[in-house]
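Coordinate inspection notes
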Amino acid sequence: MKTDFKRKGKLPKDYKDEKKLKALITKERATRLEGSFGKEKEHYYLKKIKAKTKATEKLWICFGIHTANALEIGRRMYQAQVEQAA
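Residues numbered from 1 in each chain as written. Predicted model: local features only at pLDDT ≥ 70, side-chain atom pairs only at ≥ 80, totals over all residues. Heavy atoms only, no water.

A few words on the overall build of the protein chain. The helix and strand tally for the protein chain stands at two helices and zero strands. Taking the contacts inside the protein chain whose residues are at least 6 apart along the sequence as the reference set, 27% of them involve residues at least 24 apart. Surface summary for the protein chain: the accessible area is close to 8300 Å², and the carbon and sulfur share equals 60%. (Helix = DSSP H or I, 4+ residues; strand = E, 2+ residues; numbered from the N terminus. Contact = heavy atoms within 4.5 Å. Areas by Shrake-Rupley, 256 points an atom, 1.4 Å probe, with all protein chains shown as cover.)

As structure tokens, then:
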């Protein structure tokens, strides 16, 4: 298992290869996360939040993300039921 955490201590012999792998992991994770948030922002109209304070803005974003997660769980449960019935 590889991560992109900072290494403590002496660098290994294959440090250059490891550094390339860490860069790929970081890029892939960022791409997936940003894509997920972008989809949710578009679908749940989070781009149009007109909150007056930072606290209410965060609250709206949290509700949007939790709604997206709840719907995804519901879709997966429904799909499992359909597959069981078939």
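For the rest of this paragraph, the subject is the pattern of salt bridges. This structure, assessed with the given rule, holds three salt bridges. Across the pair Glu18 and Lys22 runs a salt bridge, and its minimum N-O distance is 3.6 Å. Taken together, the residues span about one helical turn, with Glu18 and Lys22 both in helix H1 (residues 15-43) at a distance of four residues. Each member of the pair, Glu18 as well as Lys22, carries the same accessibility label: buried. (Salt bridge = Lys/Arg side-chain N within 4 Å of Asp/Glu carboxyl O. Buried < 20%, exposed > 50% of the residue type's maximum accessible area, 1.4 Å probe, protein only.)

Mapped onto the fold, Pro12 is located in the segment before H1. Residue contacts for Pro12: discarding those within four places in its chain leaves Arg7 and Glu18.

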